[in-house]
Amino acid sequence: MVNIVHKFGGSSLSSPERYQAVANIILAHTELGDCVVVSAAGKTTNTLVKLWQSYQQGDQQAVSDILLLLDNHQRVLIEQLLTAQAKQSALNVLEQELATLAEHAAQHTLSEAPLLAHGEVWSARLLAAYLKQLGLAAQDLDARQLFTLNDGQLLHQKNQQACQEQISAEHINVVTGFIASDCQDNTITLGRNGSDYSATLLGSYCHAQQVSIWTDTQGVYSTDPRKVTKAVKYSKVCRGQANLLARLGNPVLHAKTLSPLKNSDIKLVVRSSFDSEANPTEIVKEGYSKAKRFITTLENIDLLRVDQLNAGEVGQLSQLIQHSLHHFVKQGDTYLLVPGEATHQVVSHLQGRANIIESNLYGCAIVAPSNDIAHLSLQASALLSEESSTPRFSHQDNDYALLLTDQAIDSDVLTLLHDKLINKGQELAVIIAGLGNVGEVFITQLSQQLERLEQHFSVKLVGLLRSQQMVFCPSGIRLEQWQTQWDNEALDYDAADLVSHIGELDYEHKVVIDITASESFSQLYPAFVNLDCHLISANKYAGTADNEWYQALRHNLTERNLLWRYNTSVGAGLPINFALADLQNSGDTITHIEGVFSGTLSWLCSSYDGSVPFSDLVLKAQEMGFTEPDPREDLSGRDMQRKLLILARELGLTLELDEIGLTPLMPEQLAHGDWQSFLANKDLLDQFICEKAEQADKEGKVLRYTGALSIIDNKVTAKVGLAFATKGDALANLTPGDNIFVINSQWYSENALVIQGPGAGKDVTAAGVHSDLYWLVQNLK
């Protein structure tokens, strides 16, 4: 049995590199018996259409020129993908086929459908040959041997039998899209986006588990993401809304594509062949997804009023013009939306029953839950009028509204419409990892915070994670009962379980809030990003990871229009990252940052005056819970080193952790052995600190443990260690336990910008995480 039918469009096969990328996807996502449906490579179909037009016009020179273009394109693909005998054989067959086309053109015996079929035949044959070269068992199949139509109607029983006989369980079956045959074995094309239709037909006939449509977009969005940067990618869309969008001209899915899946359990997903790790959009049966909000634009359409539109006639007209059509009834009259270039053909076919009411129209369609349509339509109409684009014709139905105008809706107006209509009513799913001191306070604070957040979004806590256990509730966890729910429902989980649960969430936005100190959890960030999750981190590990990994994460976030905030990873709730970003966004240039970024080391150094041994202060800090279980982790300075790296990367620097100089706040020999060994030799620490403090005092200074970053003439210096602070300056006057950041820049060159305050503590850290969450919601809004 076929497990998955994959479909790859022309943009996915436009170059040798794209063929290689598709082959890699096939290697990763298929098993023997699966099918791969392919379109013509790149713009091949358009070129073949031009060839047909030139042939009809009798322009033999143009025919010859276009044949040469086709030859050159296919040769480049074959020569760069195939080797040895396979290459020569493919070139020979191509040469024979093009010679036959030239001969038919010269003899005036060329036929349109067989001509257009060459694009898909070439793609299937080449991809199968390349897969064989990679060691896969693959075969190419011509869909004219699988799909037969009689007077435009599919012969389902015959086609199902043909698929059972010819689809091999021992091969990857590469099948031509777009084409079929009639009962006389004449070639038939399946129309615009016919390859998508071929894929779902094949999935239906083979009883596949899933059909994957691989395209150049990452899924189905709330509007065109090329025009609106904050378009929302939906993880799930119900078939009813998908079908309606297709009829209204949405370019990602088409009504004909969905029809073979009606009344079936076959899963349909839309995903990107350019980013195969990105989370796809799943098209699900009614009731398996909440209704979403969409805006799709309309361009160059005509509005026809039709008398006595017969049953099935819209489908016949769609087949005639090779384009989805939408019709509706308003005040007893039947209307038809028709692409401008097809109006003459439709009017002629209807033989006097159609009148053109409005022509050369633009506008938009709003698709949304039925309860929202009325007010969304009014808001859209008002906004368009404000933008001098008053609708000429409007129509409202249960689940959509049409607004037709004289002029095209540009990106700016579409963005305004999206902000006004789509962003309202969205939901944000929150997953919290880390339920220690800070995590518990964060959840307690969340109850009050939701009142502010829900002015913009419906925010739901759906997941709680602690160590190896989690509670996951897609409909939402009641905040006032989270502890009881945890006690009763927490289950063991692994990374795969967590990723699977997040992938099933049906929310417009998702955010993972990491309040752990776990390096292994931070390594899941790329998987979360692939699931379209925003990130908020108090965890420092991701921000200080290997620079290549860090930059790849940053790139993936940007590509998916996702946000990452980590203000509490340095300075708890102090707004240091906000300040650095604001300075740079305002045109300032940071030249120096120095400060104390550890509440523990701040308390130790600011409290030390020589009256008690430094080791006694360390033990007191340990008793008060200021330090790690082994205080040497604090004294090592590694935490400060990581925080300085985060600040450096916030400035756009590409440092690695080991490029930041580090001098611990203890003699090197104390870093070795167990804690008891340290206690036995604590006099070494006291002597070390006493000598440094005496040296500082002789210079009129005090001892501080600082991180410092300088950028002078494009040379970067970064170090963490003991420093002598002049008595009276900001570092010297630091309140024990506070963090301080002293920032020099082009604008703050002589008089530094100083940010100081508590740099640790569960309340301020939790508040800092809430600040990041509020910032995220504001940006999504």
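For the structure itself, consult the block above.
Cut-offs and rules
Residues numbered from 1 in each chain as written. Predicted model: local features only at pLDDT ≥ 70, side-chain atom pairs only at ≥ 80, totals over all residues. Heavy atoms only, no water. Buried < 20%, exposed > 50% of the residue type's maximum accessible area, 1.4 Å probe, protein only. Helix = DSSP H or I, 4+ residues; strand = E, 2+ residues; numbered from the N terminus. Pairing = 2+ DSSP bridges. Axes fitted to C-alpha atoms, helices over the stretch in contact; angles between N-to-C directions. Arc of directions from axis to C-beta. Contact = heavy atoms within 4.5 Å. 1 Å grid on protein atoms, 1.4 Å probe; cavity = no way out; pocket = protein on both sides within 12 Å on 5 of 7 lines; lining within 4 Å. Points joined across faces, edges and corners; volume = space filled by probe spheres on them. Nonpolar A, V, L, I, M, F, W, Y, C, P; charged D, E, K, R; others polar. Polar contact = N/O pair within 3.5 Å; in protein donor to acceptor, adjacent residues only side chain to side chain. Patch = residues over 30% accessible without salt bridge, like charges linked within 9 Å, V, L, I, M, F, W, Y side chains within 5 Å. Areas by Shrake-Rupley, 256 points an atom, 1.4 Å probe, with all protein chains shown as cover. Salt bridge = Lys/Arg side-chain N within 4 Å of Asp/Glu carboxyl O. Lys, Arg positive; Asp, Glu negative; His and termini not counted. Charge placed at Lys NZ, Arg CZ, Asp CG, Glu CD. Phe/Tyr/Trp six-rings, centres within 6.5 Å; stacked < 30°, edge-to-face > 60°.

> Sorry, what's going on with the pairing of strand β7 (residues 179-182) here?
Because side chains alternate across β7, one face comprises the buried residues I179 and S181, and the other comprises A180 and D182, equally buried. Across 2 bridges, the pairing between strand β4 (residues 148-150) and β7 is parallel. Within β7, the residue paired with T148 across the bridge is S181. In the sheet, β7 pairs with strand β8 (residues 187-189) via 3 bridges, with the strands oriented antiparallel. Bridging from a neighbouring strand, S181 pairs with T187 of β8. Counted between consecutive antiparallel strands, the loop separating β7 from β8 contains 4 residues, among which D185 sits at a positive phi close to 65 degrees.

> Explain the sheet that holds strand β1 (residues 4-8) here, please?
The 8 strands lie next to each other as β3-β6-β2-β1-β9-β13-β14-β12, forming an open sheet whose pairing is mixed. Pairing within the sheet leaves two strands with one partner each, and these edge strands are β3 (138-141) and β12 (236-238). Each strand of the sheet is rotated relative to its neighbour by a mean of 20 degrees, with strand direction disregarded. Pairing of β1 with strand β9 (residues 210-215), which is carried by 5 bridges, proceeds in the parallel orientation.

> Mind showing me how you'd approach helix α23 (residues 614-623) here?
Since the α-helix advances by 3.6 residues per turn, residues separated by three or four positions end up pointing in the same direction. Here α23 has its buried residues at F614, S615, L617, V618 and A621. Take α23 and look down its axis: the buried residues cluster within an arc of 155 degrees, on one side only. For α23, the elements touching its buried residues are α22 (599-607), α24 (632-635) and α27 (682-698). Two residues or fewer past α23, G625 is found with a positive phi of approximately 80 degrees.

> Please explain the layout of surface pockets as it appears in this structure.
In this structure, the second largest pocket occupies an estimated 1300 Å³ of space. Lining the second largest pocket are 40 residues; nearest its centre among them are V438, K540, E628, D639 and A760. Looking at side-chain class alone, the lining of the second largest pocket contains 13 nonpolar, 18 polar and 9 charged residues.

> So what exactly am I meant to see when it comes to empty space enclosed by the protein here?
Think of a ball as big as a water molecule: rolled over the atoms, this probe shows where empty space is left. For the structure on display, the rule yields 1 cavity of 30 Å³ or more. One number sums up the size of the largest cavity: a volume of about 30 Å³. In this structure, the largest cavity is lined by V220, V237, A242, L245, N250, L253 and I283. Its residues assigned to classes, the lining of the largest cavity shows 6 nonpolar, 1 polar and no charged.

> For this particular structure, what's the right way to read unusual backbone geometry?
Unlike most non-glycine residues, D185 shows phi in positive territory, near 65 degrees. Its relative accessible area of 65% is what places D185 among the exposed residues. A positive phi angle is found at Q351, which is not glycine, with a value near 50 degrees. With respect to the secondary-structure elements, Q351 resides in the loop between α12 (343-350) and β18 (354-367).

> When you look at the side chain of N539 in this model, what are you seeing that I'm missing?
Within the element layout of this structure, N539 appears in the loop between β26 (533-537) and α20 (547-559). Assessed through its relative accessible area of 4%, N539 is described here as buried. One polar contact links the side chain of N539 to the main-chain amide nitrogen of Y541, over a distance of 2.9 Å. For N539, the contacting residues outside a window of four places in its chain are D514, T516, A517, S518, S522, Y525 and S569.

> Looking at this structure, how should I read a negative patch on the surface?
Taken together, the side chains of E386, E387, D410 and D412 make up a negatively charged region of the molecular surface. Here E386 lies in helix α13 (residues 370-386).

> Would you explain the packing of aromatic side chains in this entry?
Geometry of an aromatic ring pair is reported as the spacing of the ring centres plus the angle between the planes. Within the structure shown, the criterion is met by 16 aromatic pairs. Seen in terms of ring centroids, Y608 and F614 are 5.6 Å apart; in terms of plane orientation they differ by 75 degrees. Their pairing is edge-to-face. Comparing Y608 with F614 shows no difference in burial state: the two are buried. Following the ring pairs from residue to residue traces out a cluster consisting of F521, Y525, F528, Y550, W564 and Y566.

> Looking at this model, I keep getting lost on the environment of K460. Mind explaining?
Inspection of the secondary structure assignment puts K460 in strand β22 (residues 458-466). Separated by 47 residues in the primary sequence, K460 and Y507 have C-alpha atoms spaced 9.7 Å apart. When residues no more than four places from it in sequence are discounted, the contact partners of K460 are E427, L428, A429, V430, S475 and Y507. Looking at K460, its side chain comes within polar contact range of the side chain of E427, at 3.4 Å.

> What is the right way to read helix α14 (residues 411-422) from this model?
Buried within α14 we find V413, L414, L417, H418, L421 and I422. Down the axis of α14, the sector holding all buried residues measures 140 degrees, keeping them to one side. Those residues of α14 that are buried are in contact with β11 (233-234), β15 (294-306), β18 and α13. Backbone nitrogen of D412 and a side-chain oxygen of the N-cap are separated by 3.2 Å at the start of α14; the cap is D410.

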